[in-house]
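Summary of the model geometry
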Amino acid sequence: DVEHQKADWVSIHKRICQLLIPIHTSLPFFSSEKERKRGMEQRLNQQKHIIDLAYGTAQKFILEGKPGKAIPAGLQALHFSICVYGSYSVDVIPAYLVLAEACIGADCLMQATTYLSQAQWIVLKTPDCSLAIQYKLHRDLGLLCAAKGNFEQSVYHLANDIYLASCEFGPNAIQTAGGYFHLANIFFRQNKMDIANSLYAEVTAIWHAFLMTSVQTQEQILKLQAEASPFDEDREVSKDHLTEAEQAEAIQALNAILDFREQAPKQQPDETAKVLHSLAMLYYLSMDLSKAQEVGVKAFDLVNQLPQQESLEAIDHLLKLINSKP
């Protein structure tokens, strides 16, 4: 109906409208097999570009807390993924997962169940399916079960999420932190505060270590850039930037943990300070310097009151880096 057409236009159609024209136009007559292959390859690349654009748009709306707007974009990603890769390819699973996440957020749990069932069936039919896809599937299954109030099944899937992510990326990787965070939320909802507290601490520790390394790397890059000359072309530093999705996930998780820490009956100022320090580093790396300064000062003041002040020097150095930015 008209409302669905408007939703589709706002979500994704206005972004891909011009891109759809050559795809829906019949291929011309080619005088040689080489030209025909080149034309088919060009058509395939156009479709893949739409998949990336639609998938990225759906993710963006989900991160912005607008899951309803993400659904039309997710449907376009799914449609073209099936066209390019076939209905039963593992390359279709990301589109199913982003659609499921949007539906869970929009409280359309029946549709989310359908999409996750399709993704799960493809994984079961693909023995060599990568762990990177499997852990994401279990995470979404865990979130779906939690939305339905089935905490026992949710814990089961999130435990599998953590295990598979640990096998693929390592137990202290940021990809593993998301599973710990969602698992902590389940125990928090069940009022099992000791377990939730322990898992939130694990999430904080993973992000804190990662962000410490990222800040040091960023500082090294800036130093080399300042010292660079035309004769230093071979000097390179690896840049492991957070993706927009990872950045949004970290901000969401760490702010939720900060609320938990600040409202807890039994205060743990050392853990609260670690969360604040992590957020300050995250905002610094994303160039939100005013927030980085605000949170960094809170972390510094809190650590300054503790008997153990191991992180005081690191926080002070971070504040100097923040203030040195124009």
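What you see is a predicted model, and the numbers here were worked out from it, not measured in a lab.

A closer look at the confidence of the model for the chain
Looking at the chain, pLDDT values average 86 and 85% of them are 70 or higher. Per-element mean pLDDT across the chain ranges from 53 in helix 1 (residues 2-24) up to 97 in helix 7 (residues 151-169). Across residues 234-239 the pLDDT falls below 50, and counting only partners more than four positions away or on other chains, this stretch makes 10 contacts in the model.

Some thoughts on unusual backbone geometry
Even without a glycine there, the phi angle at N191 is positive, about 65°. Structurally, the position occupied by N191 is in the loop between helix 8 (174-189) and helix 9 (193-227). According to the relative accessible area criterion, N191 is exposed, its value standing at 58%. The phi torsion at M287 lies on the positive side, around 65°, for a residue other than glycine. With respect to the helices and strands, M287 occurs in the loop between helix 11 (269-285) and helix 12 (289-304). Judged by its relative accessible area of 48%, M287 falls in the partly exposed class.

Overview of the nonpolar core
The nonpolar side chains of soluble globular proteins are, as a tendency, buried together. The biggest cluster of nonpolar side chains holds 47 residues, and the ones touching the most others in it are Y200, V203, W207, L279, Y284, L318 and I322. For this core, the secondary structure elements donating two or more residues are helix 7, helix 8, helix 9, helix 10 (244-263), helix 11, helix 12 and helix 13 (312-324). Considering each element in turn, this core owes the most residues, nine residues, to helix 11. Apart from the residues within four sequence positions on either side, I322 is in contact with Y284, L289, A292 and Q293.

Comments concerning helix 3 (residues 67-85)
Compared with an ideal rise of 1.5 Å per residue, which puts 19 residues at 27 Å, helix 3 spans 26 Å between its outermost C-alpha atoms and is within 8% of the ideal. Restricting attention to buried positions, one finds in helix 3 the residues P67, A70, I71, P72, A73, G74, Q76, A77, L78, F80, S81 and V84. Once helix 3 ends, the next one or two residues include G86, with phi positive near 95°.

What counts and how
Residues numbered from 1 in each chain as written. Predicted model: local features only at pLDDT ≥ 70, side-chain atom pairs only at ≥ 80, totals over all residues. Heavy atoms only, no water. pLDDT = per-residue confidence, 0-100. Helix = DSSP H or I, 4+ residues; strand = E, 2+ residues; numbered from the N terminus. Contact = heavy atoms within 4.5 Å. Buried < 20%, exposed > 50% of the residue type's maximum accessible area, 1.4 Å probe, protein only. Core = buried A, V, L, I, M, F, W, Y, C linked by side-chain atoms within 4.5 Å. Expected span 1.5 Å × (residues − 1).

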